[in-house]
Amino acid sequence: MSPTASKSKNPLSPKDRMKVPRQLMPEQPADVRAHNFEEVNLGYSPDLAQQEALRCLECAKPTCTDNCPVGIDVKEFVQRIVIGDFLGAAAKIREANVLPAITGRVCPQEDQCEGKCLLSKKVKPLGIGYLERFVADYEQRMGTHIVPSAPPTGKKVAVVGSGPSGLTVAGDLIQKGHKVRVFEALHEIGGVLVYGIPEFRLPKQIVREQIDYMRQMGVEFETDVVVGRTVTIDELLEEEGYDAVYIGTGAGLPQFMSIPGEHLNGVYSANEFLTRINLMKAYKFPSYDEPMLDLHGKDVAVIGGGNTALDSIRSALRLGARKAYVIYRRSDAEMPARAEEVHHARQEGIDFQMLTAPVEFLSDGKGWLTAARCVRMELGEPDPSGRRRPVPKAGSEFDLPLSVAIIAIGTTANPIVQSTTPGLDTNKRGYIQASEETQRTTRKGVFAGGDIVTGAATVILAMGAGRRAAKSIHEYLTTGVW
Amino acid sequence: MFKIIHAQFLAPGIKRFVIDAPRIARKQKPGQFVILRIYEEGERIPVTIENSDPEKGTINIVVQAAGKTTTLLNSLNAGDSILDVVGPLGKPSEIRNYGTAVVVGGGVGTAMAYPTAAALKRAGNRVISIVGARNKELVILENEMREVSDALLITTDDGSYADKGFVTDKLRQLIDNGTRIDLVVAVGPIVMMKAVSELTRQERIHTVVSLNPIMIDGTGMCGGCRVLIDGKSEFACVDGPEFDGHKVDFSVLVQRNAMYRDSEQRSMEDYKRSREAEHTCVAQGEKQ
């Protein structure tokens, strides 16, 4: 062993580590969970976690960390699990990630850390996401959060939007001693974590716990503030005394398909469908006042192949849908959803209509949806995104009877902040222009990151932007150099 | 929490609240609205802002009891609080000197038409206001409208006050009398806005209507408030609520606003029953 390398705590040889199978995540049986909103994954026990941790090869140059948008020191936290120091493992993750219980659940690990795990060349990759989730939950159960504090700098930062990127900025900057206030348009803190991602994938209690922890660290939150309408960026900087502003307003307006029948009753955007369920608890009507259409015994389809599409249709299934379809115009290989979600959805009985696209929504003549007229597709030449372009097959039209259709084909930029902030440049598609390295915008003291810069992406990419922004905001606040 | 400073019925079932909301009071412009939620299990509903006082930090909202939430809201009084009030939302009315503007307020819509009429007057327009209501009791903000208008015309459906008829009758008369009209603003029930728009389309008078679709977040995120404008989807919360009345597909608006009628009725019935039960309890308590 080289003298510089720290001594491994792992009793197994690299060869033996490869013989340990990837530990399965305990989960609710598919036929049971398809009818409830409880979390699908139940989490590792300490034994399972330690067994899984043994599989880490402790690479000299860990590619997992390189491929993590927030740069978690995976090797180190996994080693702490090996020796049973779970709280130490959690503390290690927290150095890079203020929301581990959330990312452990919703990150597309196959595209990030686990996608580059050396083990995956021969066997299944290390269950890094499962391990992250395990230590975050363990820490929460023990109630032994270490609340870091730094001497106050006297600087004030406003964070616009309380989704994953805003929370990351807030968490990172409060630990540097800056005063941080987060403004949220809705009545609950968490952005997409509370209105978008359903309970069965990310229990709202977990989000609340993470936010309580941030409150303990000193982060202030103000709900019911639509920045751009209730107060402008300029007013925050000039009148309310903020030294810097971070814009993390997230994915914007839901896109529709511009096909006939889109205004029929029964056609939802995924954002509306999920907001009614997750934020407004419409599925608990009449205990909660916000209504939604009763899905019991109804046929429901989602259009789209991303995580939002799967979240929508799996929610519809849980709300009693008789048939639950995913209509996606490309094939399995192009589906942008997390691999685990696709797998879970199939287990639960979701019917995937691949290479299919609706061309019209049909009505009963009284304004209610009765079917989607669809056409089958085949894949042609690659389009600018590099994915093969779907082309309609002649004569393949058919009608799929439906009571509810949910459109989950993406979003466009929300214009409220941009249109009320002079000098804040946007790109052709209306998203805010920000440096990829520093997240600085074209306005002095104003930073932006997450979906409002990149267009719809993932929680962890938004958090990565938040982390870079926090670093560069701290630099700006300490040096005063723009 | 947003405290109610003052509450007063303007007409049976129509109540004006003065609410402590300093941020909104500072920013409110004519044509904008707020979304509110009364309590934890409550729904989010859009509500008209009638006026605001930036110095006192208060906004006035006017609410007509229709379903459970609005009925519950109208049972609140000074000293009570509303859990969430967010705004001001929507694009403000486009205020400039058009020349002669006719501002039409139907029922509770008069509360939303009022600040627009006032702003048009301040901008130098000759303002003719038409206020319509079902009957005498439901005519609201008469004095306020009179103050900001060069002329005020009132109609009631049943003729119990002023002239019997509809707002469109008055508008028709103005046109027939040869009044030059450069802009019509109509706020009120969908049938009224549709009738006004049909009339002015023939006369080629630019007409703005304020739409009231079902809404949740009010920031453009959910798309529930989409309306069909000139064959294209637009979101009332960020692109509106005011639109060119000649481009609005009113039938789609009517159809979409009826989407939850069953649930709304059920909510209202449950609420009434619980109120009756409460009253019975109180009555029994008083007897004992």
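What you see is a predicted model, and the numbers here were worked out from it, not measured in a lab. (Residues numbered from 1 in each chain as written. Chains lettered and ligands numbered in written order. Predicted model: local features only at pLDDT ≥ 70, side-chain atom pairs only at ≥ 80, totals over all residues. Heavy atoms only, no water.)

(A) How the structure looks around the overall build of chain B. Helix and strand content of chain B: 8 helices and 16 strands. Computed over the C-alpha atoms, the radius of gyration of chain B is 19 Å, within 12% of the 19 Å expected from 2.2 N^0.38 for a compact globule of 288 residues. Across its three principal axes, chain B shows a C-alpha extent of roughly 70 × 45 × 40 Å. Within the span of chain B, comprising 288 residues, buried residues form 57% of the whole. Put simply, of all contacts in chain B between residues at least 6 apart along the chain, 65% involve residues at least 24 apart. Entry remark: accessible area of chain B is about 12,400 Å², with carbon and sulfur atoms responsible for 47%. (Helix = DSSP H or I, 4+ residues; strand = E, 2+ residues; numbered from the N terminus. Rg over C-alpha atoms; globule rule 2.2 N^0.38 Å. Buried < 20%, exposed > 50% of the residue type's maximum accessible area, 1.4 Å probe, protein only. Contact = heavy atoms within 4.5 Å. Areas by Shrake-Rupley, 256 points an atom, 1.4 Å probe, with all protein chains shown as cover.)

(B) Local environment of the interface of chain A and chain B. Each partner contributes to the interface: chain A provides 46 residues, whereas chain B provides 49 residues. Contact between chain A and chain B buries roughly 4,100 Å² in total, counting both sides, with carbon and sulfur atoms accounting for 53%. Of all residues in chain A, R229, H263 and D289 of chain A bury the most surface against chain B, accounting for 21% of the area lost on that side. Of the charged contacts in the structure, one is a salt bridge between R23 of chain B and E240 of chain A, with a shortest N-O distance of 2.7 Å. Counting across the interface, chain A meets chain B through 23 residue pairs in polar contact (both at pLDDT 80 or more). Within the residue set of the side of chain A that touches chain B, elements represented by two or more residues are β5 (253–254), β6 (267–269) and α13 (270–279) of chain A. No other element matches the 4 residues that α13 of chain A contributes to the side of chain A that touches chain B. (Buried area = accessible area lost by both parts, 1.4 Å probe. Salt bridge = Lys/Arg side-chain N within 4 Å of Asp/Glu carboxyl O. Polar contact = N/O pair within 3.5 Å; in protein donor to acceptor, adjacent residues only side chain to side chain.)

(C) Focus on the packing of helix α14 (residues 307–318) of chain A against helix α15 (residues 339–348) of chain A. All names here are of chain A. Two elements in contact, α14 and α15, have axes separated by 10 Å at closest approach and are oriented at 25 degrees. Relative to α15, the element α14 lies roughly parallel. Considering only the axes of α14 and α15, their crossing is left-handed. Contacts between α14 and α15 involve N307, L310, R314, L317 and R318 from the former and E341, V342, H344, A345 and E348 from the latter. Across the contact of α14 with α15, the residue classes tally to 4 nonpolar, 2 polar and 4 charged. (Axes fitted to C-alpha atoms, helices over the stretch in contact; angles between N-to-C directions. Parallel < 35°, antiparallel > 145°, perpendicular 65-115°, else oblique. Left-handed = near helix turned anticlockwise from the far one by under 90°. Nonpolar A, V, L, I, M, F, W, Y, C, P; charged D, E, K, R; others polar.)

(D) Examining unusual backbone geometry more closely. A cis amide bond links F285 of chain A to the next residue, P286 of chain A, at an omega of 10 degrees. Summarising the element assignment, P286 of chain A is placed in the loop between α13 and β7 (299–303). In this model, G240 of chain B is joined to P241 of chain B through a cis peptide bond whose omega is 15 degrees. Residues other than glycine seldom take positive phi values, yet S258 of chain A does so here, at roughly 55 degrees. Structurally, S258 of chain A can be placed in the loop between β5 and β6. A positive phi angle, near 55 degrees, is found at R204 of chain B, a position not held by glycine. Mapped onto the elements, R204 of chain B comes out in the loop between α6 (190–203) and β13 (207–210).

(E) A look at the pattern of salt bridges. Residues and elements named next belong to chain A. For the coordinates displayed, the defined rule picks out 53 salt bridges over all chains. Of the charged contacts, one joins R338 and E340 as a salt bridge, the two residues approaching to 3.1 Å between their closest N and O atoms. Grouping residues by exposure puts R338 and E340 together as buried. Here the salt bridges do not stand alone but share partners, grouping E27, R33, R201, D311, R314, R318, R338, E340, E341 and E348 into one network.

(F) Expanded view of the sheet that holds β7 of chain A. Residues and elements named next belong to chain A. Strand order across the open sheet formed by 5 strands is β6-β14-β7-β8-β9, with parallel pairing between neighbours. Looking at strand neighbours, the two that pair on one side only are β6 and β9 (351–353), the edges of this open sheet. Sheet twist, expressed as the mean angle between neighbouring strand axes with direction ignored, is 20 degrees. One ladder, built from 5 bridges, connects β7 with strand β8 (residues 323–327); its direction is parallel. (Pairing = 2+ DSSP bridges.)

(G) Molecular detail of the packing of helix α6 (residues 86–94) of chain A against helix α8 (residues 128–142) of chain A. Residues and elements named next belong to chain A. Where α6 meets α8, the closest approach of the two axes is 9 Å, and the angle between their N-to-C directions is 110 degrees. Our classification of the angle between α6 and α8 gives roughly perpendicular. Considering the relative orientation of α6 and α8, their crossing is left-handed. Along its contact with α6, which presents F86, L87, A89, A90, I93 and R94, the element α8 presents E132, F134, V135, Y138, E139 and M142. For the contact of α6 with α8, the residue count by class is 9 nonpolar, no polar and 3 charged.

(H) Fine view of the confidence of the model for chain A. Averaged over chain A, the pLDDT score is 93; the fraction of residues at 70 or greater is 98%. Note on residues 1–5 of chain A: pLDDT is under 50 here. Beyond four places in sequence and across chains, it has 1 contact. (pLDDT = per-residue confidence, 0-100.)

(I) Spotlight on the pairing of strand β9 (residues 126–133) of chain B. Residue and element names in this part refer to chain B. Burial within β9 is extensive, with 7 of its 8 residues counted as buried. Pairing of strand β8 (residues 100–106) with β9 involves 7 bridges; the strand directions are parallel. Across the sheet, the residue bridging to V103 is S129, located in β9. Taking the sense of rotation as the criterion, the β-α-β connection linking β8, helix α3 (residues 110–122) and β9 turns out right-handed. The pairing of β9 with strand β10 (residues 151–156) spans 6 bridges and is parallel. Residue pairing for β10: S129 is matched across the bridge by L152. As a crossover connection, the stretch from β9 through helix α4 (residues 142–148) into β10 is right-handed. (Right-handed = clockwise from strand over helix to strand, strands pointing away.)

(J) Quick look at the state of the cysteines. Applying the stated criterion across every chain yields a total of 0 disulfides over all chains. Its sulfur unpaired, C68 of chain A is 6.5 Å from the next cysteine sulfur, which belongs to C113 of chain A. (Disulfide = S-S within 2.5 Å.)

(K) Spatial organisation of helix α7 (residues 250–257) of chain B. With 6 of its 8 residues buried, α7 of chain B lies for the most part within the structure. For α7 of chain B, the set of buried residues is F250, V252, L253, Q255, R256 and N257 of chain B. Residues of α7 of chain B that are buried make contact with β6 of chain A together with α6, β13 and β14 (226–229) of chain B.

(L) Expanded view of the nonpolar core. Counting 83 residues, the largest nonpolar core has F361 of chain A together with V102, V104, L171 and L211 of chain B as the members making the most contacts within it. Counting residues per element, this core draws most heavily on α3 of chain B, which supplies 7 residues. Ignoring any residue separated from it by four or fewer positions in sequence, one finds F361 of chain A in contact with I259, P260, G261, E262, L264, V267, I303, L369, A371, A372, A405 and I407 of chain A. V135, V157, V169 and I211 of chain A belong to the second largest nonpolar core, which has 78 residues in total. (Core = buried A, V, L, I, M, F, W, Y, C linked by side-chain atoms within 4.5 Å.)

(M) Highlighting the packing of aromatic side chains. All names here are of chain A. The full count for this structure, using the stated rule, is 12 aromatic pairs over all chains. Between F134 and Y138, the ring centres sit 6.0 Å apart and the planes meet at 40 degrees, which makes this aromatic pair tilted. Note that F134 and Y138 are positioned in helix α8 at a spacing of 4 residues, about one turn of the helix. In terms of burial, F134 and Y138 fall into one category: buried. Ring geometry for F447 and W482: centres 5.3 Å apart, planes at 75 degrees, overall edge-to-face. Of this pair, F447 sits in strand β16 (residues 446–448) while W482 sits in the segment after α18 (459–479), and the two are 35 residues apart along the sequence. The exposure class of F447 is buried, given its relative accessible area of 0%. (Phe/Tyr/Trp six-rings, centres within 6.5 Å; stacked < 30°, edge-to-face > 60°.)

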